[in-house]
Amino acid sequence: MNISFTVHCDNYNPIPYKRTTQKQKFVCKEYQKYMKWKSLVIVSFVKAFKNTPFKILEKDKKYYVDIIAYYKDKRHGDTDNVAKGINDAIFSKPLSDKYIAGTYDFFYDKENPRVEITIRN
């Protein structure tokens, strides 16, 4: 299996993983922004493959996820945290991101910020 898709960022930088408490989930604007980002990742996956990740990917199977982030400017989060957030979105229950390995890299593209994702096993 080797599948690829792109998450287009509509003129903002990709959003990194955001750790939070239960209380902060309802009041923290950064966490709400992160949750919208995770939803965009899933919507982009579904648009590309006409199905949800848990219908295409197998539970408890090792996958390699290669992520390339294209930032619009130098004001962005760490690329490893962007990759963590993307893996959390794609491999949410009933899948698990504990079986994920892979790479991440970044470049700058002020005209077309995006994340290109390739999943292989």
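Preceding this paragraph is the structure being described.
Note that this is a predicted model, so its numbers are computed, not measured. Along each chain, the written sequence defines residue order, and numbers are assigned to residues from 1. The model is predicted, so local features are restricted to residues of pLDDT at least 70 and side-chain atom pairs to those at 80 or more, both for listing and for counting; the totals for chains, interfaces and linings are taken over all residues. With hydrogens and water set aside, each side-chain value is computed from the structure's full complement of heavy atoms.

**Thoughts on the pattern of salt bridges**
Item 1. Salt bridges, as used here, are contacts in which a Lys or Arg side-chain nitrogen is within 4 Å of a carboxyl oxygen on Asp or Glu. This structure, assessed with the given rule, holds six salt bridges.
Item 2. Its salt-bridge partner being aspartate 97, residue lysine 84 comes within 3.5 Å of it at the nearest N-O pair. Taken as a pair, lysine 84 in helix H4 (residues 79-90) and aspartate 97 in the loop between H4 and strand E3 (100-108) lie far apart in primary sequence, 13 residues in all.
Item 3. Looking at lysine 84, the relative accessible area reads 33%, which means it is partly exposed.
Item 4. For aspartate 109, the salt bridge identified is with arginine 114, shortest N-O distance 2.9 Å.
Item 5. Judged by relative accessible area, which is 21%, aspartate 109 ranks as partly exposed.
Item 6. In this structure, a network of salt bridges that share partners links the residues Lys84, Asp88 and Asp97. Helix and strand assignments follow DSSP, with helices taken as H or I runs no shorter than four residues and strands as E runs no shorter than two, numbered in order from the N terminus. Partly exposed describes any residue whose relative accessible area lies between the buried limit of under 20% and the exposed limit of over 50%, with all areas from a 1.4 Å probe on protein chains only and scaled to the type maximum.

Treat this as a map of the structure, not an account of what it does.
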